[in-house]
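# Notes for the structure review
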Amino acid sequence: MKFQGKAFKSGKFWLAEIPFLELMTQGRTKKELLLMVQDLFITLADKKGFEVYVNCSKDGTLEIGSNDNKVMVGLLLKRQRQSNNLTVQEVAERLGSSSKNAYARYEQGKTLPSIDKLQELLKATGSVSDLVISQARFA
């Protein structure tokens, strides 16, 4: 799974926005900015061995990928849930489950959902944004 964002210069600093995760960071140089994006994802994931790759095209489009799709999906679900002020229990109930453990396994990066299941999980987190997932990028 890869996330997209945008890098741009604003005054003395370079800024990066990753809209679907509602994340933003900055750096003094473009190189420092890319390291800050990488560090942001690694810090949020807090998983041993988790690596992040950040590429920036000439037009400033960022592509952020990793060595672990389960963790990336977990970050996505957690950020969407938090941005909608929901608890893990509330999301589990929206999924029709009385136990929060099944949903929590996705958010913790322990289980990788199918594309259809991911769409269901995002809907339960209250996500109103459209997310386009191609199987080639997800696998």
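Structure shown above.
Structure report, in brief.

Calculation criteria
Residues numbered from 1 in each chain as written. Predicted model: local features only at pLDDT ≥ 70, side-chain atom pairs only at ≥ 80, totals over all residues. Heavy atoms only, no water. Core = buried A, V, L, I, M, F, W, Y, C linked by side-chain atoms within 4.5 Å. Buried < 20%, exposed > 50% of the residue type's maximum accessible area, 1.4 Å probe, protein only. Helix = DSSP H or I, 4+ residues; strand = E, 2+ residues; numbered from the N terminus. Contact = heavy atoms within 4.5 Å. Pairing = 2+ DSSP bridges. Axes fitted to C-alpha atoms, helices over the stretch in contact; angles between N-to-C directions. Expected span 1.5 Å × (residues − 1). Polar contact = N/O pair within 3.5 Å; in protein donor to acceptor, adjacent residues only side chain to side chain.

As a rule of thumb, nonpolar side chains are buried together in soluble globular proteins. Within the largest apolar cluster, 34 residues are counted, with the highest numbers of intra-cluster contacts made by F41 and I64. Top element by residues in this core is helix α2 (residues 69-83). It accounts for six residues. In this view, F41 contacts F3, I18, L21, L23, F50, V52, I64, M72 and L75; residues no more than four positions away in its chain are not counted.

Where strand β1 (residues 3-10) lies against strand β5 (residues 61-66), four bridges are found, and the strand directions are antiparallel. Its bridge partner lying in β5, Q4 is registered against E63. In this structure, β1 lies alongside strand β2 (residues 13-18), joined through five bridges in antiparallel fashion. By the bridge assignment for β2, S10 is matched with F13.

Whenever strands of a sheet pair, they do so through backbone hydrogen bonds, lying parallel or antiparallel. As summarised here, the arrangement of the five strands in space is β3-β2-β1-β5-β4, forming an open sheet in which the pairing is antiparallel. For this open sheet the edge positions go to β3 (23-27) and β4 (52-56), each flanked by a neighbour on one side alone. Between one strand and the next, the sheet's axes are offset by a mean angle of 25°, whatever the strand orientation. Where helix α1 (residues 30-45) meets the sheet, its contacts fall on β1, β2, β3, β4 and β5, and the angle it forms with β3 comes to roughly 140°.

Glancing now at the environment of N69. Within the element layout of this structure, N69 appears in helix α2. Each C-alpha atom, one on N69 and one on M1, is 5.5 Å from the other, the two residues being 68 residues apart in sequence.

Turning our attention to unusual backbone geometry. For D46, which is not glycine, the phi dihedral falls at a positive 50°. Given the relative accessible area of 66%, D46 is considered exposed. Phi angles above zero are rare outside glycine, and N85 is one such case at about 55°. The residue N85 is located in the loop between α2 and α3 (88-94) in this model.

Glancing now at α2. Over its 15 residues, α2 extends 21 Å from the first C-alpha to the last, a length consistent with the 21 Å expected when each residue adds 1.5 Å. Of the residues making up α2, those classed as buried are N69, V71, M72, V73, G74, L75, L76, L77, Q80 and R81. Here α2 starts with a cap whose side-chain oxygen sits 3.0 Å from the backbone nitrogen of K70, and that cap is D68.

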